[in-house]
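Here's the letter readout for the chains.
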Amino acid sequence: MPERRDFIYSATLHLLVVLGFLISLPSLFHRPIDEQPPIVVQLVNLGPKTMATQRSLTPPVPDKPVDVPTPAQNQPTPPTPPEAKAAPPPPPPVPKPAEVKLPEPPPVPAKPEANPQPPEPLPKQKQQEVAFDALLKNLAAKKLPQQTTQQANTKPQQSSQPIAPLGSQLSVSELDLVRQQIEQCWNVPAGARDAQDLTPEFRVTMNPDGTVRTAQQLNPERNSDPFFQAAADSARRALFNPSCQPLKLPLDKYNQWQTFTITFDPKDIS
Amino acid sequence: MIRRSVFSSGLCALLLLSALLAVPGHARAELHIDITRGKVEPMPIAVPVFSSQNSQTAQNASDITQVVSADLERSGLFKPVDPNAFIDRDPSSHIPPHYGDWRTINVQALITGSVSTDPDGKLQIEFRLWDVYAEQQLTGLRYTSTPANWRRIAHIIADAVYKRITGEDGYFDTRIVYIAESGPLDHRVKRLAIMDQDGANHRYLTDGRALVLTPRFSPSTQEITYFSYARGTPRVYLFNIDTGQQEVLGDFPGMTFAPRFSPDGNKVVMSIAVGAASEIYTLDLRTRSATQLTDTQAIDTSPCYSPDGKQIVFNSDRGGSQQLYVMNADGGNIKRISFGTGRYGTPVWSPRGDLIAFTKIDNGQFYIGVMHPDGSGERLLSNGFLVEGPTWAPNGRVLMYFRQTPAADRTGRGATSKLYSIDLTGYNEREIVTPGDASDPAWSPLIP
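Thresholds, definitions, all that
Residues numbered from 1 in each chain as written. Chains lettered and ligands numbered in written order. Predicted model: local features only at pLDDT ≥ 70, side-chain atom pairs only at ≥ 80, totals over all residues. Helix = DSSP H or I, 4+ residues; strand = E, 2+ residues; numbered from the N terminus. Buried ≥ 20, exposed ≤ 12 C-beta atoms within 10 Å, placed from the backbone. Domains from an automatic or database assignment. Contact = placed C-beta atoms within 7 Å. pLDDT = per-residue confidence, 0-100. Pairing = 2+ DSSP bridges. Expected span 1.5 Å × (residues − 1). Axes fitted to C-alpha atoms, helices over the stretch in contact; angles between N-to-C directions. Parallel < 35°, antiparallel > 145°, perpendicular 65-115°, else oblique. Left-handed = near helix turned anticlockwise from the far one by under 90°. Nonpolar A, V, L, I, M, F, W, Y, C, P; charged D, E, K, R; others polar.

Points about the overall build of chain A
And step 1. Looking only at helices and strands, one finds nine helices and four strands in chain A.
And step 2. Reading the helices (α) and strands (β) of chain A from amino to carboxyl end gives α-α-α-α-β-α-α-α-β-β-α-α-β.
And step 3. Counting only residues that meet the buried cut, chain A has 25% of its 270 residues in that class.

Here it is, written out as structure tokens:
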């Protein structure tokens, strides 16, 4: 008898397992959508115009001319009086001990000494380099800018939308707008050696008003290369540039953009 | 039996659990943005006059600030902001600045500094570079030197700022040697002259009695090699800037020309005319022994070492027209690298190693261009009636060359020859002001 009970027990459980498989199998073979395919574009509301396709490179847009404050503006905020320097404890912005390297040897009119130019390794030719080179002026290439822009435009844009209910997603045009805002403020490391490899990445936390609160570099280990450090600094300046803030992001989708990661990658620069 | 059933039911539960986990949920991935475009424009930088101890140092402070600002501006990568726009006109160099005051006027980087004298009468100059947006100090250094050295200190400060912002070594503390030209075209006087890269401290090194051409700096010593008719026969000479001494390099039967130092400064590579042909030789400066590298009936000339000293680029008409070739430093493995239309000459390997600059003559026009050492990625940066003789700044970022304009008539009136520099990106072409006409510039390494 117990054998029969066991049999029923086992059969029920097996049935449950089969049932479980039947429910989950389709999703096992159906990979979760981790990236929004271009079809998303049809579902979301596009803004009146999408501006990401505009090439925003050279010649640079001379936006925001330096406003020269009128003398009247100058007076209300007088420069810190020289005495303030003498009296050391000014407001406690800790005077950083500053890496002041002490007396560099006085650069006296040079005695000849062996100081050969350090040999530099030849950089590898890379596919990316070709695209990056388009940023550089070439008197022989007349049609290049248009062609490369076209290519850049026809290339399927990788979507950076997270998976979330459709209503709360950032639309393509909203993302384009932000992208374009930051691009306006990013001074690319043109002319640097292997510039196409200089790709600093940051995790950014945002204030609800669209200003950047913090930007933490995710690949600081590469800063030992002075070129990379310079590129990371230039990216950080783009993020904190007041000309490009606040970022034009919809407040009702704040939970979507309160933190995000951002990569500055000159590979497509044309 | 019971144990078996417990086992199988446990297994089932596990399977069920895994099946449930496989059901897709609304996973929240973090938003990611790729910025793949940007702009290229000079960075707004503020260089307020360094604070000074007394009226004596005030002049030094003003001069130094001016030279630093001018250096940065000339590079084309910085745009010094008009001091009239400053809200804080006297920022201290010892405490962090009021970043807001500088942000308001769109300044991205700020240099503060001070000049004082120590009891020995030496100048103490310190500066700090601040990132206004990131609100942090990027670098800070102090120098002590005799007051006469203020200009060099200013260049050294500009180099430090340039390096911190771009990642690239600076090139402001360097000199240019060139051929100063004067007189009518048929009686041209050509003298060796030297000056700082910004045109200051100009002086002549030779008196102009003998024709001199193609000066080249030693990478390691204060020596220049050049080509001259000083003793009747055209020869390659070595000139010591400090002592003013000059000597003929090697004793060869034919004319020697187009000299250039090896990267370690121990050799000179040059051409020697052999009948109608010319071959490339190296001359060891310590042993004075010569080694022949090429052996053809063609004209092989303008040799230049790669910065690692392993290869040499030169131009040759061995294939019919004048083209660029690269060979190993021992003369082996010769490969042609230029395949464009026109003729190519005066190749110069970048100190960075990634490019070779050249002069190209195509369709009656002269061009200054660059290409990768394998011949790919040719780009033409400047052109004109005659542009020639490129030379690299020691950081491999800027090129200098000379540009001639045609004469208005047969007497040569209206013809000019001037030095120009241009950024590697092909932008920021600038004239280097010289007292008279100028040609054949050669950029020194950073002054040790």
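A short note on the domain arrangement of chain B
All names here are of chain B.
And step 1. Domain annotation of chain B identifies domain 1 (43-166) and domain 2 (175-443).
And step 2. Contacts between domain 1 and domain 2 engage five residues on the former and six residues on the latter.
And step 3. Ranked by residue count, the leading element in the side of domain 1 that touches domain 2 is helix α2 (residues 55-74), at three residues.

Side note on the confidence of the model for chain B
All names here are of chain B.
And step 1. In this model, chain B carries an average pLDDT of 87, and 93% of its residues clear a pLDDT of 70 or more.
And step 2. In the model, residues 19-27 has pLDDT below 50 throughout and makes 16 contacts with residues more than four positions away in sequence or in other chains.
And step 3. Among the prediction metrics, the complex's ipTM stands at 0.74, with pTM recorded as 0.73.

Structural notes on the sheet that holds strand β19 (residues 300-305) of chain B
All names here are of chain B.
And step 1. Ordered by their spatial adjacency, four strands build an open sheet running β19-β20-β21-β22, and the pairing between neighbours is antiparallel. In this open sheet, the two edge strands, each paired with only one partner strand, are β19 and β22 (335-336).
And step 2. Pairing between strand β20 (residues 311-316) and strand β21 (residues 323-328): six bridges, direction antiparallel. Note on β21: the bridge partner recorded for F314 is Y325.

Topic: helix α4 (residues 150-166) of chain B
All names here are of chain B.
And step 1. Over its 17 residues, α4 runs 24 Å from end to end, which matches the ideal 24 Å to within 8%, given 1.5 Å per residue.
And step 2. Burial analysis of α4 places 14 of its 17 residues in the buried class, the great majority of the element.
And step 3. Of the residues trailing α4, G167 is marked for its positive phi of about 85 degrees.

A short note on the packing of α2(B) against α4(B)
All names here are of chain B.
And step 1. Two elements in contact, α2 and α4, have axes whose closest approach is 8 Å; the angle formed by their N-to-C orientations is 45 degrees. On the basis of their axis angle, the class for α2 and α4 is oblique. In the packing of α2 onto α4, the handedness of the crossing is right-handed. Counted together, N60, D63, I64, V67, V68, D71 and L72 of α2 and W150, R151, I153, A154, H155, I157, A158, V161 and Y162 of α4 form the full contact between these two elements.
And step 2. The residue makeup of the contact of α2 with α4, split by class, is 11 nonpolar, two polar and three charged.

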